[in-house]
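Listed below, chain by chain, are the residues.
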Amino acid sequence: MSLELKRAFDAAHRDDGYRVLVDRLWPRGVSKDDASIDEWPKEAAPSDTLRKAFHAGDYGWGEFRRRYLGELKAHRERLRPLARRALKERVTLVFAAKDERHNNARVLAEYLAMLEPHLRAETG
């Protein structure tokens with residue numbers, strides 16, 4: 001599976017492959033042309049409630065990750081095509097968070113990677 005993570009404020013590059021914005025809100029100060037986003041599946045982003053609680057410090061990283069993985073499971077069927085695409089080509093998950101280690105894109109990449117064995121089994 002070919003998944004990359006990149007901040008929305010970093011320049012798009014053709015090596016990024018298929019670029020997917022994984023935030024519910026468009027990043028401030030980034031033009032749509034410069035972002036070069038191919039897909040923006042808002043259901044792949046954390047709910048507003050979860051996002052706000054995490055940013056307010058109500059949840060630590062572990063709790064945020066656990067709750068967000070639960071939300072992603074509810075959208076499994078919608079996310080399967082994205083995981084399938086990552087099996088065939090590079091997919092770059094684009095995010096706005098300053099913290100490159102603790103953000104929703106990292107959890108989403110983890111979730112999509114968990115789908116890989118199931119997708120490979122389907123195609124035999």
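Summarised in this report is the structure supplied together with it. (Residues numbered from 1 in each chain as written. Predicted model: local features only at pLDDT ≥ 70, side-chain atom pairs only at ≥ 80, totals over all residues. Heavy atoms only, no water.)

**Examining the overall build of the protein**
Working step 1: Within the protein, the regular secondary structure consists of 5 helices and 3 strands.
Working step 2: Helices (α) and strands (β) of the protein occur, in sequence order from the N terminus, as β-β-α-α-α-α-β-α.
Working step 3: Viewed in the frame of its principal axes, the protein has a C-alpha envelope of about 45 × 35 × 20 Å.
Working step 4: A buried classification covers 38% of the 124 residues belonging to the protein.
Working step 5: At a minimum sequence separation of 6, the contacts of the protein that also span at least 24 residues come to 66%.
Working step 6: When the accessible surface of the protein is summed, it comes to about 7200 Å², and 46% of that surface belongs to carbon and sulfur atoms.
Working step 7: Across the protein, the mean location of the 25 positive side-chain charges is 2 Å away from that of the 21 negative side-chain charges. (Helix = DSSP H or I, 4+ residues; strand = E, 2+ residues; numbered from the N terminus. Buried < 20%, exposed > 50% of the residue type's maximum accessible area, 1.4 Å probe, protein only. Contact = heavy atoms within 4.5 Å. Areas by Shrake-Rupley, 256 points an atom, 1.4 Å probe, with all protein chains shown as cover. Lys, Arg positive; Asp, Glu negative; His and termini not counted. Charge placed at Lys NZ, Arg CZ, Asp CG, Glu CD.)

**Let's talk about the packing of aromatic side chains**
Working step 1: Counted under the stated rule, the structure contains 5 aromatic pairs.
Working step 2: Both rings, one in Phe-54 and one in Phe-64, keep their centres 4.3 Å apart while their planes meet at 20°; by these two values the pair is stacked. On the criterion of sequence distance, the pair formed by Phe-54 in helix α2 (residues 48-56) and Phe-64 in helix α3 (residues 61-74) is long-range, its members being 10 residues apart. The residues Phe-54 and Phe-64 share a single accessibility class, namely buried.
Working step 3: These aromatic residues form a ring-pair network of at least three members: Phe-54, Trp-61, Phe-64 and Tyr-68.
Working step 4: Directly above the ring of Trp-26 sits Lys-32, whose terminal nitrogen or CZ lies 4.9 Å from the centroid. (Phe/Tyr/Trp six-rings, centres within 6.5 Å; stacked < 30°, edge-to-face > 60°. Lys NZ or Arg CZ within 6 Å of the ring centre and 35° of its normal.)

**Looking at the side chain of Asn-104**
Working step 1: Within the secondary structure, Asn-104 sits in helix α5 (residues 104-123).
Working step 2: The residues contacting Asn-104, other than those within four sequence positions of it, are Val-22, Asp-23, Ala-45, Pro-46, Phe-64 and Tyr-68.

**Digging into α2**
Working step 1: For α2, the complete set of buried residues consists of Leu-50, Ala-53 and Phe-54. One face of α2 carries all of its buried residues, which in axial projection span an arc of 100°. What points out from α2, more than 90 degrees from its buried face, is the exposed set Lys-52, His-55 and Ala-56.
Working step 2: Against α3 lie the buried residues of α2. (Arc of directions from axis to C-beta.)

**Examining the sheet that holds strand β1 (residues 3-7)**
To summarise the sheet geometry, strands pair through backbone hydrogen bonds and adopt either a parallel or an antiparallel arrangement.
Working step 1: Taken in spatial order, the 3 strands make up an open sheet running β1-β3-β2, and their pairing is parallel. With one partner strand each, in any of the chains shown, β1 and β2 (18-21) form the two edges of the open sheet. On average, adjacent strands in this sheet sit at an angle of 30° to one another, irrespective of strand direction.
Working step 2: With 4 bridges joining them, β2 and strand β3 (residues 91-95) adopt parallel strand pairing. Note on β3: the bridge partner recorded for Tyr-18 is Val-91. (Pairing = 2+ DSSP bridges. Axes fitted to C-alpha atoms, helices over the stretch in contact; angles between N-to-C directions.)

**Things to note about the environment of His-118**
Working step 1: With respect to the element layout, His-118 can be found in helix α5.
Working step 2: The exposure class of His-118 is partly exposed, given its relative accessible area of 42%.

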